[in-house]
Amino acid sequence: MVQNIRDMDELKAFLKAAGNKLVVIEFSAKWCGPCKRIYPVFHAMSVQYRSVMFATVDVDNARELAQTYHIKAVPTFQMFKQTKKCLCSAQLLRAFTGVKPLLKQRSGG
């Protein structure tokens, strides 16, 4: 399940509730074509990887968050661990190994 985050208070509560779990946040916008295409894959990953918490932030509705996390383009994905932003490369690689088959499956290829 992908949680919708609307403001800093919600983000802080979400990160705190995650505890030691990896958190992946997608910063996106309703008008963004690539965001619309990646969302089904992002949602499928949230179902497949139960040990990871997933959230999305609409940058147009949460400008403070977009500024705080220096979002310059959408979609942008950021990872957090124990409430801190991180580059969890090993965990990220393990989590995203399923993306290519999911993309092929959704595109019919």
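Residues numbered from 1 in each chain as written. Predicted model: local features only at pLDDT ≥ 70, side-chain atom pairs only at ≥ 80, totals over all residues. Heavy atoms only, no water.

- An unreviewed UniProt entry annotates the protein as Thioredoxin domain-containing protein 8 isoform X2 of Odocoileus virginianus.

1. Some details on the overall build of the protein
1) Next: Secondary structure summary: the protein contains 5 helices and 5 strands in total.
2) Next: When its helices and strands are written in sequence order, the protein yields β-α-β-α-β-α-β-β-α-α.
3) Next: Burial status across the protein gives 42% buried among its 109 residues.
4) Next: Total accessible area computed for the protein in this model is approximately 6700 Å², and 56% of it derives from carbon and sulfur atoms. (Helix = DSSP H or I, 4+ residues; strand = E, 2+ residues; numbered from the N terminus. Buried < 20%, exposed > 50% of the residue type's maximum accessible area, 1.4 Å probe, protein only. Areas by Shrake-Rupley, 256 points an atom, 1.4 Å probe, with all protein chains shown as cover.)

2. Notes on the sheet that holds strand E5 (residues 84-86)
Adjacent strands of a sheet form backbone hydrogen bonds with each other and so pair up, either parallel or antiparallel.
1) Next: Taken in spatial order, the 5 strands make up an open sheet running E1-E3-E2-E4-E5, and their pairing is mixed. Two strands in the sheet have a free side with no partner beyond their single neighbour: strand E1 (2-5) and E5. Neighbour-to-neighbour, the strand axes of the sheet open up by a mean angle of 35 degrees, direction not taken into account.
2) Next: For strand E2 (residues 22-28) and strand E3 (residues 52-58), the ladder comprises 7 bridges, and the chain directions are parallel. Residue isoleucine 25 lies in a different strand from E3, and its bridge partner there is alanine 55.
3) Next: Helix H1 (residues 8-18) contacts E1, E2, E3 and strand E4 (76-81) of the sheet and is inclined by roughly 145 degrees relative to E1.
4) Next: Of the strands in this sheet, E1, E2, E3 and E4 are in contact with helix H2 (residues 33-48), which crosses E2 at around 165 degrees. (Pairing = 2+ DSSP bridges. Axes fitted to C-alpha atoms, helices over the stretch in contact; angles between N-to-C directions. Contact = heavy atoms within 4.5 Å.)

3. Digging into the packing of aromatic side chains
1) Next: Following the criterion strictly, the structure yields 4 aromatic pairs and no others.
2) Next: Consider the rings of phenylalanine 42 and phenylalanine 54, whose centres lie 5.2 Å apart with planes at 80 degrees: the pair is edge-to-face. One end of the pair, phenylalanine 42, is in helix H2; the other, phenylalanine 54, is in strand E3, and 12 residues separate them in sequence.
3) Next: Judged by its relative accessible area of 2%, phenylalanine 42 falls in the buried class.
4) Next: Measuring from ring centre to ring centre gives 5.5 Å for tyrosine 69 and phenylalanine 80, while their planes differ by 85 degrees; the resulting arrangement is edge-to-face. You can see tyrosine 69 sitting in the loop between helix H3 (63-68) and E4 and its partner phenylalanine 80 sitting in strand E4, a full 11 residues away along the chain.
5) Next: A relative accessible area of 14% means that tyrosine 69 is categorised as buried. (Phe/Tyr/Trp six-rings, centres within 6.5 Å; stacked < 30°, edge-to-face > 60°.)

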